[in-house]
Amino acid sequence: QVQLVESGGGLVQSGGSLRLSCAASGRTFNPYLMAWFRQAPGKEREFVAAITWNGPYTYYGNPVKGRFTISRDNAKNTVFLQMNSLKPEDTAVYYCAADLQRTTVYLDPREYEYWGQGTQTTVST
């Protein structure tokens, strides 16, 4: 079993920055892909970014390209999401997810086997 715990969310003004962290624990942790999704009230869960655990690849959703950066620290089993130039429309609960099955459909939340509990990020005007 894998446990994912997010942290780092909070309240920030428009244009500000936040850094989210996702720490993994449990069984020997060797996912194929780690990702961040977000969900705003009344909306579907939306892909934000993903990173291969043992490779150089990163993927970003169009709304966050150029503003958010995903990274990882394999030694600490932790993935990060640096969020810059935040906008009110970035307000959502942000979830960390792990894929162990080598999905090729990284945009689809159904492809991920493990999820964190989420961390709220609120961007004020």
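Scroll up a little and you will see the structure.
1. Description of the sheet that holds strand 8 (residues 78–83)
And step 1. Read from one edge to the other, the open sheet built from four strands follows the order 1-3-8-7, with strand pairing classed as antiparallel. In this open sheet, the two edge strands, each paired with only one partner strand, are strand 1 (2–7) and strand 7 (68–73). Here the strands of the sheet are splayed against their neighbours by 15° on average, with no regard to which way each runs.

2. Some words on the side chain of threonine 52
And step 1. By the secondary structure assignment, threonine 52 is in strand 5 (residues 46–52).
And step 2. A polar side-chain atom of threonine 52 sits 3.0 Å from the main-chain carbonyl oxygen of glycine 55.
And step 3. Excluding its chain neighbours within four sequence positions, the residues that come into contact with threonine 52 are Tyr32, Leu33, Tyr57 and Arg72.

3. Re the pairing of strand 5
And step 1. Burial runs high along strand 5: six of the seven residues are buried.
And step 2. Two elements, strand 4 (residues 33–39) and strand 5, share six bridges in a ladder whose sense is antiparallel. Residue pairing in the sheet places methionine 34 in a bridge with isoleucine 51 of strand 5.
And step 3. Counting the residues in the hairpin turn of strand 4 and strand 5 gives six residues, including glycine 42, whose phi is positive at 80°.
And step 4. Hairpin connection from strand 5 to strand 6 (residues 58–60): five residues lie between these consecutive antiparallel strands.

4. Structural notes on the pattern of salt bridges
And step 1. One pass over the structure, following the stated rule, counts four salt bridges.
And step 2. Among the salt bridges present, the one from glutamate 46 reaches arginine 38, with a minimum N-O distance of 2.7 Å.
And step 3. Salt-bridge contacts for arginine 67 lead to aspartate 90; the nearest nitrogen and oxygen are separated by 2.7 Å. With arginine 67 in the loop between strand 6 and strand 7 and aspartate 90 in the loop between strand 8 and strand 9 (92–99), this pair connects stretches of sequence that are 23 residues apart.
And step 4. Relative accessible area serves as the criterion here: at 11%, arginine 67 is assigned to the buried category.

Reading guide: rules and limits
Residues numbered from 1 in each chain as written. Predicted model: local features only at pLDDT ≥ 70, side-chain atom pairs only at ≥ 80, totals over all residues. Heavy atoms only, no water. Pairing = 2+ DSSP bridges. Helix = DSSP H or I, 4+ residues; strand = E, 2+ residues; numbered from the N terminus. Axes fitted to C-alpha atoms, helices over the stretch in contact; angles between N-to-C directions. Polar contact = N/O pair within 3.5 Å; in protein donor to acceptor, adjacent residues only side chain to side chain. Contact = heavy atoms within 4.5 Å. Buried < 20%, exposed > 50% of the residue type's maximum accessible area, 1.4 Å probe, protein only. Salt bridge = Lys/Arg side-chain N within 4 Å of Asp/Glu carboxyl O.

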